[in-house]
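# Architecture and fold: a report
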Amino acid sequence: MVMDGIPLVMKYTFPAEDLYRPFWEGLKRGEVLGTRCKRCNTLYFPPQRDCPKCMGSDMEWVGVGKSGELMTYSIVEQKPQGFENYDKYTIGIVRTEKGVNLMCWVVGTPKVGAKVSLSSDGHRVLCEVKA
Amino acid sequence: MDRKVGIVGVGMSKFGRRNDVTVRELSWEAVKEAFEDSGLTQKDIQLTVIGSTAYRGTEIYPAPPVSEYCGLVGKSPLRVEAACATGSSAVFTAVNAIASGMVDIALVIGVDKMTEVDTATSLAIGGRGGNYYWEFHMYGTTFPTYYALYATRHMSLFGTTEEDMALAAVKAHKYASYNEKAHFRNKVTVEDVLKSRVISWPIKLLDSSPISDGAAAAILASEEKIRELKIDTPVWVRAMGYGSDTSYIAARGEWTGLNAAREAAYMAYKVSGYTPHDIEYATVHDCFTIAEIMAYEDLGFVEKGKGTALLREGQTEKDGKVAVNLFGGLKAKGHPLGATGVAMVYEITKQLREEAGPVQHSFKKYVALSHNVGGTGHYAFVGVYSR
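Residues numbered from 1 in each chain as written. Chains lettered and ligands numbered in written order. Predicted model: local features only at pLDDT ≥ 70, side-chain atom pairs only at ≥ 80, totals over all residues. Heavy atoms only, no water.

- You'll find chain B entered in an unreviewed UniProt entry as Acetyl-CoA acetyltransferase, with Stygiolobus caldivivus given as the organism.

### Remarks on the pattern of salt bridges
- As enumerated under the stated definition, the model contains 33 salt bridges over all chains in all.
- For the salt bridge of Arg124 of chain A with Asp121 of chain A, the shortest nitrogen-to-oxygen distance reads 2.8 Å.
- Among the ionic pairs, Asp245 of chain B bridges to Arg252 of chain B, the shortest N-O distance being 3.9 Å.
- For Asp245 of chain B, a relative accessible area of 25% puts it in the partly exposed group.
- Each member of the salt-bridge network shares a partner with another, and the members are Asp37, Lys350, Arg353 and Glu355 of chain B. (Salt bridge = Lys/Arg side-chain N within 4 Å of Asp/Glu carboxyl O. Buried < 20%, exposed > 50% of the residue type's maximum accessible area, 1.4 Å probe, protein only.)

### Thoughts on the packing of helix H7 (residues 162-176) of chain B against helix H11 (residues 289-298) of chain B
All names here are of chain B.
- Axis separation between H7 and H11 bottoms out at 8 Å; the angle between their running directions is 95 degrees. Classified by the angle between their axes, H7 and H11 sit roughly perpendicular to one another. Mapping the contact onto sequence places Asp164, Met165, Ala168, Ala169 and Lys171 in H7 and Thr289, Ile290, Glu292, Ile293 and Tyr296 in H11.
- Of the residues contributing to the contact of H7 with H11, the split by class is 6 nonpolar, 1 polar and 3 charged. (Axes fitted to C-alpha atoms, helices over the stretch in contact; angles between N-to-C directions. Helix = DSSP H or I, 4+ residues; strand = E, 2+ residues; numbered from the N terminus. Parallel < 35°, antiparallel > 145°, perpendicular 65-115°, else oblique. Contact = heavy atoms within 4.5 Å. Nonpolar A, V, L, I, M, F, W, Y, C, P; charged D, E, K, R; others polar.)

### Some remarks on the interface of chain B and chain A
- Each side of the interface is counted separately: chain B has 35 residues, and chain A has 36 residues.
- If you look at where chain B meets chain A, you find 0 salt bridges.
- If you look at where chain B meets chain A, you find 19 residue pairs in polar contact (both at pLDDT 80 or more).
- Classifying every residue of the side of chain B that touches chain A by side-chain character gives 19 nonpolar, 12 polar and 4 charged.
- The pairing of strand S4 (residues 67-76) of chain A with strand S5 (residues 198-201) of chain B spans 2 bridges and is classified as antiparallel. Pairing of Val76 of chain A across the sheet is with Ser200 of chain B, part of S5 of chain B. (Polar contact = N/O pair within 3.5 Å; in protein donor to acceptor, adjacent residues only side chain to side chain. Pairing = 2+ DSSP bridges.)

### Points about the sheet that holds strand S2 (residues 43-44) of chain A
Residue and element names in this part refer to chain A.
- Strand order in the open sheet formed by 3 strands is S2-S1-S3, and the pairing between neighbours is antiparallel. Where the open sheet ends on each side, the last strands, each with one partner, are S2 and strand S3 (59-63).
- For strand S1 (residues 33-37) and S2, the ladder comprises 2 bridges, and the chain directions are antiparallel. What sits directly across from Thr35, in S2, is Tyr44.

### Digging into the UniProt feature "domain: Thiolase N-terminal" (unreviewed entry) in chain B
- Here, UniProt's "domain: Thiolase N-terminal" (unreviewed entry) annotation points to residues 5-224 of chain B.
- Secondary structure within residues 5-224 of chain B divides into 42% helix and 19% strand; the distance between the first and last C-alpha atoms comes to 9 Å. (UniProt positions renumbered as here; feature names shortened; annotations may be inferred.)

### Observations concerning the side chain of Thr308 of chain B
- As for its placement among the helices and strands, Thr308 of chain B is situated in helix H12 (residues 307-312).
- Leave out the neighbours within four places in its chain, and Thr308 of chain B touches Thr160, Asp164 and Ile293 of chain B.

### A short note on the UniProt feature "domain: Thiolase C-terminal" (unreviewed entry) in chain B
- UniProt marks residues 241-387 of chain B with the feature "domain: Thiolase C-terminal" (unreviewed entry), using the numbering shown here.
- A distance of 19 Å separates the end C-alpha atoms of residues 241-387 of chain B, which is 35% helix and 17% strand.

### Side note on the sheet that holds strand S9 (residues 281-283) of chain B
Residues and elements named next belong to chain B.
- With mixed pairing, 10 strands are arranged side by side in an open sheet as S3-S2-S4-S7-S1-S8-S12-S11-S9-S10. Every other strand in the sheet has two partners, leaving strand S3 (77-80) and strand S10 (323-324) as the edge strands with one partner each.
- Against the sheet, helix H10 (residues 259-272) contacts strand S8 (235-244), strand S11 (367-374) and strand S12 (379-386), and its axis sits at roughly 145 degrees relative to S8.
- Each of strand S1 (5-12), strand S2 (47-51), strand S4 (105-113), strand S7 (213-222), S8, S9, S11 and S12 is contacted by helix H14 (residues 337-352), which is oriented at about 175 degrees to S11, the strand it contacts most.

### Describing the state of the cysteines
All names here are of chain A.
- The final tally for this structure, using the stated rule, is 0 disulfides over all chains.
- Considering cysteine sulfurs only, Cys127 is the nearest to Cys104, which forms no disulfide, with 3.7 Å between them.
- Of the residues examined, Cys104 reaches a relative accessible area of 0% and is grouped as buried.
- Residue classification places Cys127 among the buried positions, given a relative accessible area of 0%. (Disulfide = S-S within 2.5 Å.)

### Quick notes on helix H3 (residues 86-99) of chain B
All names here are of chain B.
- Taking 1.5 Å as the rise per residue, H3 with 14 residues should run 20 Å; its terminal C-alpha atoms sit 20 Å apart, in good agreement.
- Within H3, 12 of the 14 residues are buried, which leaves the element mostly enclosed by the surrounding structure.
- Residues of H3 that are buried include every one of Thr86, Gly87, Ser88, Ser89, Ala90, Val91, Phe92, Ala94, Val95, Ala97, Ile98 and Ala99, and no others.
- After H3 finishes, the residue Gly101 shows a positive phi value of roughly 95 degrees. (Expected span 1.5 Å × (residues − 1).)

Structure representation (structure tokens):
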């Protein structure tokens, strides 16, 4: 029948830590940060170091909002590699009061259109459904 | 398109868990059939385009071993990739090579052997189908999750239910039962779908296309060459539209339909001169049941939010207003990523030539459409064809 192939173990390193340090520092303070181009004012989330719109790279870190509306969600029961040790989790998309759309984990009972406040567990953005 | 392009031969392997072959023998099943179907041989081919995502197989650079096995060395195996729309991106590349006058005859091979890794690894590869760091790394997205995000919002805005979505699976399995090459040939009920294991709510196991192995092939030629070869049953490619969208799903701002698909459809209708009302047969990208409902809306078969009605009324069944996926769809025929878009060309060619046996649709104008989405709406290709 079938035979074992030689395993391909892919271990990655990537430069996100330095590139996105202000994002993680912001999360520790409970703030979600994106970047804004100082020249043309375009706001990026996920944050970008470069602005393809005006070709500039002079960016500043700015808050994208602290509360918003839950636009949609899904409850992950069949978890991928790397997430086996979590209980089932709910992934949502939130539109913040500043109009930025972002992915997060949902805390509480999800409902499309629910008002949420943004926070963090230190590893990702969370949104808590307001009672 | 500068020169008219026609499909002159098609082939398809059996889809499914193909532990009996490597990617090379699997490809040959489809290529051999396409050669026999067209009456052409390797010496007629000037360009080979291979569509394969390949990440889930042992051959992660499959183009050279596949082309060698198929006797195509020296015929430029060009490999292209556009996630789940890889097959259509390969067809698109070949069509353009012929339309531009660069070559007269091209062979497209779509192939993927996806079951060579275990399911957990496969999910982890699929979960990277968007933006690695800002989605998968932080949130543990799986590929079903992305479509589930669309399903939840579609349900909330338009009242679509899990039962409605299940109807798409029931239809797919019903037609796949007639298809000897389909991955699944069992029928399912709405209750079976609703009771199946939750993968990423509201998507359940039976809302999802399987992880499949499979290959499909198509030989395309210029109109001039088709006349010269006296091929009297070509299927003409009237247009190939394309569209794209953001990698980061949250940035799209609307989660009830795919902007990439709407762009691709607009281009395909504009170039071909046909409208949604002219389409009598369509292959749509039903990787998940919600995707079929969204496709009806994105392709303009019905207005936004009415996709479920089309399904409920049976208008996308055989001999309905626009028959959809009578070979079983991705959902039940199977979804080997690289093969899928080419298998759509296979299906449309068989239908337009009236060689589809028990699932033959009755045509009046002989106009068909293919809709193939890559990633979670990152790419889309819409083709329009006529006899």
